[in-house]
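# Working through the structure, step by step
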Amino acid sequence: MGQTTVTQQEGQVTVKQRHTFQTTCTYQTSNFYALHWYQQRTGQAPQRISYQVAAGSKRNGRLTTLLNTTGKYSLLQLEEVEVSDSALYLCAVQ
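Residues numbered from 1 in each chain as written. Predicted model: local features only at pLDDT ≥ 70, side-chain atom pairs only at ≥ 80, totals over all residues. Heavy atoms only, no water.

### Looking at the pairing of strand β8 (residues 88-93)
Here β8 shows a buried face lined by Tyr89, Cys91 and Val93 and an unburied face lined by Leu88, Leu90 and Ala92. Where strand β3 (residues 35-40) and β8 come together, six bridges link them in antiparallel fashion. Each residue of the ladder has a partner; that of Trp37, found in β8, is Cys91. (Buried < 20%, exposed > 50% of the residue type's maximum accessible area, 1.4 Å probe, protein only. Helix = DSSP H or I, 4+ residues; strand = E, 2+ residues; numbered from the N terminus. Pairing = 2+ DSSP bridges.)

Dropping the structure here:
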């Protein structure tokens, strides 16, 4: 069974209300099944907000995720951010 490495470069990011937030996740794995994005608000457990098993983009309301399985990265983009979007955004590879 091969090793999987997942990297997120950004630390804390400040975004003005109604602007767009984006963050990128890169990974290295020999056996890719899916990429998951989670939102974790302070004091709460992570909640899955998106997952993809195939390359391409996926939109759900203000949230768009893009999975590039050739470049082995995923982009999360959240439009029209609100105060309630303040959270930790995490990716995981399965």
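### Observations concerning the sheet that holds β3
Sheet architecture is open: three strands sit in the order β4-β3-β8, paired in antiparallel fashion. With partners counted over all chains shown, the strands left at the sheet margins are β4 (47-52) and β8, one partner each. The average angle at which neighbouring strand axes cross in this sheet is 20°, direction not considered. (Axes fitted to C-alpha atoms, helices over the stretch in contact; angles between N-to-C directions.)

### Thoughts on the sheet that holds strand β1 (residues 5-8)
In space, the five strands of this open sheet follow the order β1-β2-β7-β6-β5, with antiparallel pairing throughout. Each end of this open sheet is capped by a strand with a single partner; those strands are β1 and β5 (56-60). Direction aside, the axes of adjacent strands within the sheet are offset by 15° on average. As judged from the six bridges shared by strand β2 (residues 21-28) and strand β7 (residues 73-78), these two strands associate in the antiparallel manner. Among the inter-strand pairings, Thr26 is bridged to a residue of β7, identified as Tyr73.

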